[in-house]
Amino acid sequence: MSTTPARQIRALYDAETITVYQAYSPHIAEAAVAAGRFAAGFKRDRMTWIKPSFLWMMYRSGWATKQGQERVLAIRIRRDGFAWALANSAASSYDPDVHATRDEWKRSLRAPVRVQWDPERDLHLRPLPYRAIQIGLSGSAVPRFVDEWIVGIEDITATCREIHQLMRAGDLAPAASRLPAERPYATP
């Protein structure tokens with residue numbers, strides 16, 4: 001039986017930053033890596049989803065093979081920005097255990113950030129019995145993310161593909177050893 005809480009943020013982080021993942025087309029990813037921030041092709045007027053879970057990103061992008069998601073970026077953002085996002089968020093769906101009424105939940109959707117919990121994934125990308133957080137940034141959250149929070153952007157596509165190759169070859173221990181060292185992330 002798993003001792004992992006049903007909802008827990010797990011991430012790669014240090015004292016100042018937390019790493020989140022996004023997948024993009026080569027055009028957007030290359031411009032972002034070159035500029036050290038999102039530039040050509042990135043649409044500030046759309047919701048952009050950040051994911052602290054590497055394996056959830058691999059599930060979502062098909063190990064960097066899905067169209068428009070061929071490049072995976074590890075984006076180091078300031079922890080105070082991440083905290084702001086969580087403090088200014090609304091749940092992406094109604095939960096009677098959290099919201100007094102459906103109308104209360106609908107009013108909360110004015111927030112610039114959405115939080116969604118989806119099944120975490122194992123190395124084979126199978127769902128686990130606990131959830132990984134995804135954070136959708138829109139409105140006033142997007143310029144904060146792009147212009148204030150980002151500390152560094154790294155294209156980790158080669159690492160993603162290397163882990164996937166090891167998985168396909170049945171080399172599970174070497175594949176697992178290349179995963180980011182994600183650990184529980186305490187939130188206020």
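Residues numbered from 1 in each chain as written. Predicted model: local features only at pLDDT ≥ 70, side-chain atom pairs only at ≥ 80, totals over all residues. Heavy atoms only, no water.

Undergrad: Looking at this structure, I do not really get the pairing of strand β2 (residues 17-24). What am I missing?
TA: Regular strands show a simple pattern: their side chains alternate between the two faces of the sheet. A large share of β2 lies buried, amounting to 8 of its 8 residues. Where burial is concerned, the two faces of β2 agree: the one with Thr-17, Thr-19, Tyr-21 and Ala-23 and the one with Ile-18, Val-20, Gln-22 and Tyr-24 are both buried. Strand direction decides the pairing type here: β2 and strand β4 (residues 71-78), joined by 8 bridges, are antiparallel. The partner of Tyr-21 across the bridge, within β4, is Ala-74. (Buried < 20%, exposed > 50% of the residue type's maximum accessible area, 1.4 Å probe, protein only. Helix = DSSP H or I, 4+ residues; strand = E, 2+ residues; numbered from the N terminus. Pairing = 2+ DSSP bridges.)

Undergrad: I tried to follow helix α1 (residues 26-35) on my own but got confused; where do I start?
TA: For an α-helix the count is 3.6 residues per turn, leaving residues at separations of three or four pointing the same way. Taken together, the buried positions of α1 are occupied by Ile-28, Ala-29, Ala-31 and Ala-32. Viewed end-on, α1 has its buried residues packed into an arc of 165°, placing them on one side of the element. Looking at α1, the residues exposed on the side facing more than 90 degrees away from the buried face are His-27 and Ala-34. In the core, the buried residues of α1 are packed alongside β2, β4 and β8 (150-155). Following α1 by one or two positions, Gly-36 adopts a phi angle in the positive range, close to 75°. (Arc of directions from axis to C-beta. Contact = heavy atoms within 4.5 Å.)

Keep in mind these numbers describe shape, not what the thing actually does.
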